[in-house]
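What the coordinates show
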Amino acid sequence: MNIRKELLDELLQECKTPPDLFGEDWYDDDDMMFVYEENCPLDENDDEFDDHFYDEMIRWQKEEDAAIDKAGDPTTPTEVLVELSKYEALSPVVAGNPNTPTEILFQLCKDERNHRHLSGNPKTPQKLLAQLSISSNEEVRFRVAYHQNTPVNTLIKLSKDEDDIVRSCVAKNPNTPMDVLLQLCEDKSADNHETLLAISKNSSISPDIRLDVEKVLKDIKADLTIVKERSLKKDL
């Protein structure tokens, strides 16, 4: 799988890295040594072999970094991003690029390794966010819960998520309906602390509700302080 020469030239300009290094994944050190030996003009027993290999490793790393930077740069042309999306090592970065075409985002969604970046891409469409909302990865779910494009019905489902951080992100989302925020207020336990804190900072709630939530937060803090003090006394 090789990038077309004109695109590779645009990506890395005068890149001389062995093409195999831009395969489906980056090589580990042993693989890079093999590729190096295949391309190195020096004999393996030459005194300068190790120094030359070290220099090449540094150059390859810089070119890998350049490829990653290009994959994440929102000014990168879409045709270049399409090509870069075919590489496993670059596809997560391309998935988070707001300039990546929608049809490519749908393709990248088939690989779970791209889900975290997709859930944070401001241009990810609603249909994909709905799919990502059922991820087993809490980080993906809380990114979806806070995403401005997440559809309301998805926010409603995530408001019942078992993870408090996910629920708190729903509470922070300005698109979350008021009735959902009120439901989230009903749980006044310490386990719901993060969600209640998020609700208290949501600009869409009324002053009366904010005062009630802030009172609950103070009570939770007081209870936790008492528990901590009792625990310390018990340890003495």
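Residues numbered from 1 in each chain as written. Predicted model: local features only at pLDDT ≥ 70, side-chain atom pairs only at ≥ 80, totals over all residues. Heavy atoms only, no water.

**Quick notes on the overall build of the protein**
Stated formally: Strands are runs of DSSP state E lasting at least two residues, helices are runs of H or I lasting at least four, and both sets are numbered from the N terminus onward. Note on exposure labels: buried denotes an accessible area under 20% of the residue type's maximum, exposed denotes more than 50%, and partly exposed covers the range between, all computed with a 1.4 Å probe on protein chains only. Any two residues whose heavy atoms approach within 4.5 Å at even a single point are treated as in contact. Accessible surface is estimated by sampling points in the Shrake-Rupley manner with a 1.4 Å probe; for residues, cover comes only from the protein chains shown.
Scanning the protein for helices and strands turns up 14 helices and 0 strands. Helices and strands appear in the protein in the N-to-C order α-α-α-α-α-α-α-α-α-α-α-α-α-α. Counting every position in the protein, which comprises 236 residues, the buried fraction comes to 38%. A separation of at least 24 residues holds for 44% of the contacts in the protein among residues at least 6 apart in sequence. Looking at the protein as shown, the accessible area adds up to about 14,200 Å², and 50% of this sits on carbon and sulfur atoms.

**Description of the pattern of salt bridges**
Note the threshold: One side-chain nitrogen of Lys or Arg within 4 Å of one carboxyl oxygen of Asp or Glu is enough to make a salt bridge.
Taken as a whole, this structure holds 8 salt bridges when the rule is applied. The partner of Arg113 in a salt bridge is Glu88, and the shortest N-O contact between them spans 3.7 Å. Highlighted residues: Arg113 in the loop between α6 (102-108) and α7 (115-120) and Glu88 in the loop between α4 (78-84) and α5 (91-95), separated in sequence by 25 residues. By relative accessible area, Arg113 is classed as exposed at 51%. Between Arg143 and Glu139 there is a salt bridge, with the nearest N and O atoms lying 3.4 Å from each other. Highlighted residues: Arg143 and Glu139, both in helix α9 (residues 138-146), separated by 4 residues, approximately one helical turn. A relative accessible area of 26% means that Arg143 is categorised as partly exposed. Residue classification places Glu139 among the partly exposed positions, given a relative accessible area of 27%. If you follow the salt bridges from partner to partner, you end up with Glu88, Asp111 and Arg113 in one network.

**So, the environment of Asp223**
Within the secondary structure, Asp223 is located in helix α14 (residues 207-235). Sequence separation between Asp223 and Ala190 is 33 residues; the distance between their C-alpha atoms is 8.8 Å.

**Brief notes about helix α11 (residues 164-172)**
As a reminder, the rule being used: Nitrogen and oxygen atoms within 3.5 Å of one another constitute a polar contact, given that in protein one can donate a hydrogen and the other can accept it, and given that sequence-neighbouring residues count only through two side-chain atoms.
The buried count for α11 comes to 7 of 9 residues, which makes it a mostly enclosed element. Within the sequence span of α11, burial applies to Asp164, Val166, Arg167, Ser168, Cys169, Val170 and Ala171. The backbone nitrogen of Ile165 has a side-chain oxygen 2.8 Å away, supplied by the residue at the start of α11, namely Asp163.

**Comments concerning the confidence of the model for the protein**
Stated formally: You can read pLDDT as the predictor saying how much it trusts each residue, on a scale of 0 to 100.
Scored by pLDDT, the protein has a mean of 79; 69% of the residues are at 70 or more. For the stretch residues 1-37, pLDDT sits under 50, and the model shows 72 contacts to residues farther than four places along the chain or on other chains.

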